[in-house]
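A structural walkthrough
Residues per chain are reported as follows:
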Amino acid sequence: MTDQAAGMSVAWAWLTAMETSAFVDAVRRRIEGHPPDRDRPVIMENPQGTDLHALVAAFGSWAGQHRNLAAGGFVDPTLTERTGLPLVEPFGAGELLEMRGWGYRHRWIGCGLVASPHGPRTVAVIAHREDPASAGFPEGATWAEKLCIVTGWEPTPGPRVDWPAIEADLGTRLPTDYKEIVDLFGAGSFDEYFELAVPGGPGVDRNPWKRYGPDLASGGLLPWGWSEFEPGLMWSTGATDPDEWTVVTRSECGDERYSDCGAGEFILRMLTDVQLGYPMSHASGHFFVSYGTPDF
């Protein structure tokens, strides 16, 4: 490649990146504005030549791991209102080539490729998202299952944490609800506000509690997550049965607050109970941003 050709290639890549960034910013401004009509999704056409992979990466940098809704011209026939159907419904038979989607509060966000007389065109779609918990919870649902319903999260297959090995190092079992939540959600953020300490997740060791075991003092505090304003979300480990451990929060000022519930119930209340006082409890919808598969 000549120096001139190389320079043109770099300039084109820079221009394309700028166009992608500007387009993503425009989509985000639209998301923050008025919600889309439930029967009329918003379709925004991307600048000509923008790479779909670059667009997916740009959305994923703040919306997390995407869902594959259509690939190679094949639309997932199992899609429902809960899993992203509103993002593919605006397109006719054979029109949709690719679609990646994210659930984000009371909106669906998607980007994909659509067939046109002039070749595939890249689009973004913003569609109404029903509250996944509007029908309530089935009888006997666990806290982890309720969190899946509230956020609309669909667990994906993948490796699971080696809990027996971690618990052997720690010298105690860990609460069942916490382990189930980690196994269903993996590493990520609830409402971009709260994160679990997921073994093997970003910035977390395979066993984040090594320094606490195997001689964990009864009644000590064991961390299990953190939020935007509370760097310490912990269990009070006084109970012999870990499923009876209760939550203690520690604010940035060092103040501690005790709650008479476990981690699963506490997370659900953080999201939905306005009396608990967390800002996301006032949100119109809830979501989970996945960071991808942890390095278990």
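Shown above is the structure to which this text applies.
Keep in mind that this is a model prediction, so the values were computed, not measured.

A word on the sheet that holds strand β5 (residues 107-114)
Strand pairing within a sheet occurs via backbone hydrogen bonds; the two strands may be parallel or antiparallel. The antiparallel open sheet is built from 6 strands, whose spatial order is β1-β6-β5-β4-β2-β3. Of all strands in the sheet, those with a lone pairing partner are β1 (42-45) and β3 (74-75), marking the two edges. Where helix α2 (residues 52-63) meets the sheet, its contacts fall on β4 (96-104), β5 and β6 (121-128), and the angle it forms with β5 comes to roughly 165°.

Things to note about the pairing of β6
Among the 8 residues of β6, 7 are classified as buried, and the element is accordingly described as predominantly covered. With 4 bridges connecting them, β1 and β6 associate as antiparallel partners. Note on β6: the bridge partner recorded for glutamate 45 is valine 123. Of the strand pairs in this sheet, β5 and β6 are connected by 8 bridges, and their pairing is antiparallel. Each bridged residue has a counterpart across the sheet, and for leucine 113 the counterpart in β6 is threonine 122. Between β5 and β6, which pair antiparallel and follow one another directly, the connecting turn spans 6 residues, one of which, glycine 119, has a positive phi of 105°.

What to know about the pairing of β5
Of all 8 residues making up β5, 7 are buried, and the element is well covered by its neighbours. Of the strand pairs in this sheet, β4 and β5 are connected by 8 bridges, and their pairing is antiparallel. Bridge pairing in β5 places tryptophan 102 opposite isoleucine 109. Where β4 folds back onto β5 in an antiparallel hairpin, the turn is made up of 2 residues, including arginine 105, whose phi is positive at roughly 50°.

Considerations on the side chain of threonine 249
With respect to the helices and strands, the residue threonine 249 is situated in strand β11 (residues 246-250). Apart from residues no more than four positions distant in its own chain, threonine 249 is found in contact with Glu230, Gly232, Leu233, Asp255, Glu256, Arg257, Phe266 and Tyr278.

Considering unusual backbone geometry
Backbone geometry at aspartate 191 places phi at a positive 55°, although glycine is not the residue there. Assignment of secondary structure puts aspartate 191 in the loop between β7 (188-190) and β8 (194-196). Although it is not a glycine, glutamate 192 sits at a positive phi angle of roughly 55°. Structurally, glutamate 192 is set in the loop between β7 and β8.

Conventions adopted
Residues numbered from 1 in each chain as written. Predicted model: local features only at pLDDT ≥ 70, side-chain atom pairs only at ≥ 80, totals over all residues. Heavy atoms only, no water. Pairing = 2+ DSSP bridges. Helix = DSSP H or I, 4+ residues; strand = E, 2+ residues; numbered from the N terminus. Contact = heavy atoms within 4.5 Å. Axes fitted to C-alpha atoms, helices over the stretch in contact; angles between N-to-C directions. Buried < 20%, exposed > 50% of the residue type's maximum accessible area, 1.4 Å probe, protein only.

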